[in-house]
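# Understanding the architecture of this molecule
Listed below are the residues making up each chain.
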Amino acid sequence: MMTIADHLQAVREQIKQYEMQYARPLHSVSLLAVSKNQPIDKIQQAIAAGQWAFGENYLQEALTKIASLHHPKLEWHFIGAIQSNKTKKIAEHFHWAHTVSDKTIAKRLNDQRPAHLPPLNICIQVNISQEMTKSGINPDQLTSLVEYCETLPRLHCRGLMAIPALKQTLPEQRQELQKLRKLLENLTEKGFMLDTLSMGMSQDLEAAVAEGATIVRVGTAIFGPRN
Ligand SMILES: *Cc1c(COP(=O)(O)O)cnc(C)c1O
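The structure contained in this document is the topic of the report that follows. (Residues numbered from 1 in each chain as written. Predicted model: local features only at pLDDT ≥ 70, side-chain atom pairs only at ≥ 80, totals over all residues. Heavy atoms only, no water.)

The next subject is the site of the ligand. In the neighbourhood of the ligand, 13 residues make up the surrounding shell, with Lys36, Asn57, Ser202, Gly219 and Arg226 lying closest. One of the side-chain nitrogen or oxygen atoms of Lys36 is found 2.7 Å away from an oxygen atom of the ligand. At 2.9 Å from a nitrogen atom of the ligand is found a side-chain nitrogen or oxygen belonging to Arg217. Within the complex, 91% of the 390 Å² of free accessible area of the ligand lies under protein. Its residues assigned to classes, the shell around the ligand comprises six nonpolar, four polar and three charged. (Near = heavy atom within 4 Å. Polar contact = N/O pair within 3.5 Å; in protein donor to acceptor, adjacent residues only side chain to side chain. Areas by Shrake-Rupley, 256 points an atom, 1.4 Å probe, with all protein chains shown as cover. Nonpolar A, V, L, I, M, F, W, Y, C, P; charged D, E, K, R; others polar.)

As structure tokens, this is what we get:
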């Protein structure tokens, strides 16, 4: 039977293969293990196998996990929808928030980030597939939001994140993710210092590495099906 350590090893190996195949620098893609709806003992197994960065979608579940797992190297990323009533706990307990998509939420996270912690790393979530059901800011409003976030001293705006429409083939997946890469390039050309593209899940990992992802968010390929 494959253990979580085996799955992690396989995913890391795959990322390395894709980095070589698509001429990305070695280790330029970091692995965020998405542990939503997975029990704490599976996270502990991943930690034992050298995984320190975890992504969670549901605040209460995440807070329980964060409270019971202690290690200075652990890094918690909030990747779920952010409602106003969640910003305080996210600002207090997470290292990153990937799903910032409006000024109100950005301002609250900034104001609620505790003074003893470094600025909260954030990504702006962009609705690249223009679907009614997907959250994220529209591309035409992106520059204005990034400009605003740069004025908030308790946030460190790192880059962009997207959850694209599900596509089956590699070329179609790349076409979706390329939109996010081009938006980031456009912003860096304007002088914004952004270094992060958070994109790619278990199903579109190859496309994501090919299109410049710096953080891939992988759940089921590491932990198996969710409860
Ligand atoms: C659940 C989730 C993932 C991981 O998806 P898998 O298909 O399990 O790899 C990645 N990103 C976000 C935002 C998610 O909600």
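Attention shifts here to the nonpolar core. Counting residues in hydrophobic clusters, the biggest one holds 62 residues, and the most contacted among them are Ile124 and Leu160. Look past the residues within four positions of Ile124 in its chain and what remains in contact with it is His98, Val100, Ile137, Leu142, Leu145, Val146, Cys149, Cys157, Gly159, Leu160 and Met161. In this structure, Val34, Ile79, Trp96 and Cys123 belong to the second largest nonpolar core, which totals eight residues. (Core = buried A, V, L, I, M, F, W, Y, C linked by side-chain atoms within 4.5 Å. Buried < 20%, exposed > 50% of the residue type's maximum accessible area, 1.4 Å probe, protein only. Contact = heavy atoms within 4.5 Å.)

In this section: the pairing of strand β8 (residues 215-218). In β8, alternate side chains face the same way, and those of Ile215 and Arg217 on one face and Val216 and Val218 on the other are all buried. Pairing geometry for strand β1 (residues 30-34) and β8, over four bridges, is parallel. Opposite Leu32, over in β8, you have Arg217 as the bridge partner. (Helix = DSSP H or I, 4+ residues; strand = E, 2+ residues; numbered from the N terminus. Pairing = 2+ DSSP bridges.)

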